[in-house]
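# Summary of structural features
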Amino acid sequence: MNPWVAIGALALVGLAIPLSMMVVSSLLRPTVPEQGKSATYESGEIPTGTTRIRFNIQYYMVALLFVVFDIETVLIFPWTVIYRSAIEGGVSLATVLVPMLVFIAVLVVGLVWAWRNGAVRWVRSPRGTQRRVEQ
């Protein structure tokens, strides 16, 4: 049997199951249109203003830096596990250590670049500084 047939069958089943579940649930569920169902729910509070607010780009920059350094940790852990066995296997220290040092150096250069461009500097809210001045 061709392996692509198995992959295609798996993809077909992977699409068919969720789609069939959505179709069956749309056929079985009761439809009772109410005005309250379309209202915005905010923990029992009456919503004020619009739901569209502009987030500071700083949140996204911090999140991206977190993901980068999180992935760095995920890549360093397996390296530390095989480091000793590679040294015991006769591989030279430079052969094992240099690629990881280059990897860490690239990340440090990226962090320095982000730091100089202000990606890790937290911006204070104008409303928060106004409240401190008034008090």
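In this report, we go over the structure that sits alongside the text.

If you tally the helices and strands in the protein chain, you get 4 helices and 0 strands. When each of the 135 residues of the protein chain is scored for burial, the buried share is 8%. For the protein chain, the proportion of contacts with a sequence separation of at least 24, taken over those separated by at least 6, is 68%. Of the roughly 12,300 Å² of accessible surface on the protein chain, a fraction of 68% belongs to carbon and sulfur atoms.

This next bit is on the side chain of Glu72. By the secondary structure assignment, Glu72 is in helix α2 (residues 57–88). Here Glu72 is buried and forms no salt bridge, its nearest opposite-charge partner Arg116 lying at an N-O distance of 18 Å. Every residue in contact with Glu72, bar those within four places of it in the chain, is listed here: Phe103, Ile104 and Leu107.

Bringing a nonpolar patch on the surface into the picture now. On the surface, Ile53, Phe55, Ile57, Tyr59 and Tyr60 cluster together to form a nonpolar patch covering roughly 590 Å² of accessible area. Following the sequence through the fold, Tyr60 ends up in helix α2.

What follows concerns α2. Under the 1.5 Å per step criterion, the end-to-end length of α2 is 48 Å for 32 residues, consistent within 8% with the ideal 46 Å. Maximum bend of α2: about 35°, positioned at Ile82. The inward-facing, buried residues of α2 contact α3 (93–116). Two residues or fewer after α2 comes Gly90, characterised by a positive phi angle close to 100°.

The interhelical angle for the contact between α2 and α3, taken along N-to-C directions, is 170°, at an axis separation of 11 Å. Put simply, α2 runs roughly antiparallel to α3. Classified by chirality, the crossing of α3 by α2 is left-handed. Contacts between α2 and α3 pair Leu65, Val68, Phe69, Glu72, Leu75, Ile76, Trp79, Tyr83, Ala86 and Ile87 from the former with Leu93, Val96, Leu97, Met100, Phe103, Ile104, Leu107, Leu111 and Ala114 from the latter. For the contact of α2 with α3, the residue count by class is 18 nonpolar, no polar and 1 charged.

Mapped onto the secondary structure, Met100 falls in helix α3. A C-alpha to C-alpha distance of 7.8 Å links Met100 and Ile76, two positions 24 residues apart in sequence. Aside from chain neighbours lying at most four places away, what touches Met100 is Leu75, Ile76 and Trp79.

What follows deals with the environment of Glu72. A relative accessible area of 13% means that Glu72 is categorised as buried. A sequence separation of 32 residues divides Glu72 from Ile104, and the C-alpha atoms of the two residues are 8.2 Å apart.

What counts, and at which threshold
Residues numbered from 1 in each chain as written. Predicted model: local features only at pLDDT ≥ 70, side-chain atom pairs only at ≥ 80, totals over all residues. Heavy atoms only, no water. Helix = DSSP H or I, 4+ residues; strand = E, 2+ residues; numbered from the N terminus. Buried < 20%, exposed > 50% of the residue type's maximum accessible area, 1.4 Å probe, protein only. Contact = heavy atoms within 4.5 Å. Areas by Shrake-Rupley, 256 points an atom, 1.4 Å probe, with all protein chains shown as cover. Lys, Arg positive; Asp, Glu negative; His and termini not counted. Salt bridge = Lys/Arg side-chain N within 4 Å of Asp/Glu carboxyl O. Patch = residues over 30% accessible without salt bridge, like charges linked within 9 Å, V, L, I, M, F, W, Y side chains within 5 Å. Expected span 1.5 Å × (residues − 1). Bend = angle between axes of the 7 residues up to and from the residue. Axes fitted to C-alpha atoms, helices over the stretch in contact; angles between N-to-C directions. Parallel < 35°, antiparallel > 145°, perpendicular 65-115°, else oblique. Left-handed = near helix turned anticlockwise from the far one by under 90°. Nonpolar A, V, L, I, M, F, W, Y, C, P; charged D, E, K, R; others polar.

So far we have only geometry, and geometry alone does not tell us how the molecule works.
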